[in-house]
Amino acid sequence: MFESLREAPQQCCRIKVSFSPRPPNPRRPKTISDQVSPGAGIVFGPEAQEYFAKHVKINRQISVPSHLRRTLDRDGKVISENDQRQEMVSWDMLYNALRACFDGVKSDYCIVPEKQNGEGDAEYLYDRKVVAVKDVGEQVEVEYKNTEGRTQKEAADLVLAADGPSSTIRKLLLPEVERKYVRYVAWRGTVPESEASDLMKETFVDHFMFYHAPGCQILA
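In every chain, residue numbers begin from 1 and rise along the written sequence. Since the coordinates come from a predicted model, pLDDT governs what is reported: local features require at least 70, and pairs of side-chain atoms require 80 or more to be given and counted, while whole-chain, interface and lining totals use all residues. Hydrogen atoms and water are omitted, and side-chain values are computed over all heavy atoms in the structure.

> Mind showing me how you'd approach the sheet that holds strand E7 (residues 128-136) here?
Each strand in a sheet pairs with another by means of backbone hydrogen bonds, the pair being arranged parallel or else antiparallel. Two strands pair under a simple rule: DSSP has to find at least two bridges between them. Secondary structure elements are taken from DSSP: a helix is a run of H or I of four residues or more, a strand is a run of E of two residues or more, and numbering for both begins at the N terminus. Here three strands make up an open sheet; going across it, the order is E7-E8-E9 and the pairing antiparallel. Every other strand in the sheet has two partners, leaving E7 and strand E9 (151-156) as the edge strands with one partner each. Strand-to-strand twist of the sheet, defined as the mean angle between neighbouring strand axes without regard to direction, takes the value 25°. Lines fitted to C-alpha atoms define the axes, with helix axes restricted to the stretch in contact, and inter-axis angles between N-to-C directions lie between 0 and 180 degrees.

> I would appreciate a short explanation of helix H2 (residues 91-103) in the present structure.
Every α-helical turn comprises 3.6 residues, leaving residues that sit three or four positions apart pointing alike. Spanning 13 residues, H2 covers 18 Å between terminal C-alpha atoms, matching the ideal 18 Å at 1.5 Å per step. Within the sequence span of H2, burial applies to Asp 92, Met 93, Leu 94, Tyr 95, Asn 96, Ala 97, Arg 99 and Ala 100. Working rule for contacts: check all heavy atoms of both residues, and any pair within 4.5 Å makes them a contact. Against strand E3 (41-43), helix H1 (46-55), strand E5 (78-90) and strand E6 (121-124) lie the buried residues of H2. Gly 104 sits one or two positions beyond H2 and adopts a positive phi of about 70°. In this analysis, the expected span of each helix is defined as 1.5 Å times one less than the number of residues it contains. Under the scheme applied here, a residue whose accessible area is under 20% of the maximum for its type counts as buried, over 50% as exposed, and between as partly exposed, the area being computed with a 1.4 Å probe on protein chains only.

> For this particular structure, what's the right way to read the sheet that holds strand E12 (residues 216-219)?
One open sheet holds the five strands; their spatial order is E3-E5-E4-E11-E12, and the pairing between them is mixed. The open sheet has two edge strands with one neighbour each: E3 and E12. Shown here is a sheet whose adjacent strand axes are inclined to one another by a mean of 35°, direction ignored. Of the pairings in the sheet, the one linking strand E4 (residues 64-72) to E5 comprises eight bridges and is antiparallel in character. Counted as the bridge partner of Val 64 is Met 88 from E5. Against the sheet, H2 makes contact with E3 and E5, and its axis sits at roughly 25° relative to E5, the strand it touches most.

> Explain a nonpolar patch on the surface to me, please; I cannot follow it from the model alone.
Among the surface-exposed residues, Leu 172, Leu 173, Leu 174 and Val 177 lie close enough to one another that they form a single nonpolar patch of about 320 Å² accessible area. Its place among the elements puts Leu 174 in the loop between helix H3 (168-173) and helix H4 (198-204). Like charges are joined within 9 Å and nonpolar side chains (Val, Leu, Ile, Met, Phe, Trp, Tyr) within 5 Å, but only among residues with over 30% relative accessible area and no salt bridge; these make up the patches. Throughout, the Shrake-Rupley method with a 1.4 Å probe supplies accessible areas, and for residues the shown protein chains are the sole cover considered. By convention in these notes, a salt bridge is any Lys or Arg side-chain nitrogen within 4 Å of a carboxyl oxygen on Asp or Glu.

> For this particular structure, what's the right way to read the side chain of Ser 167?
Here Ser 167 shows up in the loop between strand E10 (158-159) and H3. By relative accessible area, which is 4% here, Ser 167 ends up buried. Side-chain atoms alone can form a polar contact between residues adjacent in sequence; in general such a contact is a pair of N or O atoms within 3.5 Å, and within protein one must be able to donate a hydrogen while the other accepts it. Of the polar contacts made by the side chain of Ser 167, one reaches the backbone nitrogen of Arg 170; its length is 3.0 Å.

> When you look at the nonpolar core in this model, what are you seeing that I'm missing?
Nonpolar side chains in soluble globular proteins generally cluster together in the buried interior. Counting residues in hydrophobic clusters, the biggest one holds eleven residues: Phe 44, Phe 52, Val 56, Ile 58, Ile 62, Val 89, Met 93, Leu 94, Ala 97, Ala 100 and Cys 110. The dominant element in this core, judged by the number of residues it contributes, is H2, at four residues. In this text, buried Ala, Val, Leu, Ile, Met, Phe, Trp, Tyr and Cys residues form a nonpolar core when linked through side-chain atoms within 4.5 Å. Core analysis: the second largest hydrophobic core is formed by nine residues, Val 130, Val 140, Val 142 and Ala 156 among them.

> Would you mind going over the confidence of the model for the protein chain with me for this structure?
Parts of the model with low pLDDT should not have their predicted coordinates read in detail. In this model, the protein chain carries a mean pLDDT of 81, and residues with pLDDT of at least 70 account for 82%. The predictor reports its confidence for every residue as pLDDT, a score running from 0 up to 100. Counting interchain partners and residues more than four positions distant, the pLDDT-below-50 stretch residues 4-14 has 22 contacts.

> Would you mind showing me how to read the state of the cysteines here?
Structurally, a disulfide amounts to a covalent bond that connects the sulfur atoms of two cysteines. Pairs of cysteine sulfur atoms within 2.5 Å are what we label disulfides. Evaluated as defined, the whole model comprises zero disulfides. The cysteine Cys 101 is free of any disulfide, with Cys 110 supplying the nearest cysteine sulfur at 6.6 Å. Here Cys 101 falls in the partly exposed class, since its relative accessible area comes to 30%.

> Would you take a moment to explain a positive patch on the surface for this structure?
A cluster of basic residues, Lys 129, Lys 145, Lys 171 and Arg 179, forms a positive patch at the surface. Looking at where Lys 171 falls in the secondary structure, it is placed in helix H3. Classification of Lys 171 by relative accessible area gives exposed; the value is 53%. When charges are counted, Lys and Arg are positive and Asp and Glu negative, with His and the chain ends excluded. For the purpose of locating charges, the reference atoms are NZ of Lys, CZ of Arg, CG of Asp and CD of Glu.

Right, here's the structure in full:
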């Protein structure tokens, strides 16, 4: 993410933000949904709720509540439970809501809010692979290649390296830092609600379910 700050009348500064995601999987079509994981759900924690309430002004509720936490045994019997409300949200919803507010991308998830006076400009740049980052006086220069192999450069006052655990920018700036295998694998699967049995719906809808076994944890 590149941020350029410029003086503006009646303001301390005006911000232009450019965001360059990782290059998409070439085996998939180039669509917005290519950048998300359809159906993937996550807990919508207090910090995220506070941020969205303050900054993400859209026309719908972001999350749905989970009212009960239960742990099952291997046969599906409830072995413990407690009342604990948590808000749950899909990654698709978060992504599209943020894009609507960041650079005005339209989707079926929410309306695009009107731009407010004093807000900066934003652009989301696809198909760019960062190949170099360096200081150039009072700014930082980011060099990247597009899908045609051509090199381009952007200068910014601030560069945020938020490109995940396989961060390209971290490798460029801290080549001595290496990822280490932590000896576990995370697997995610989903079932369309229309295909779920009545027992599955009764067990999982509005509930946060757990199963534990030696070397294994399942959340649903």
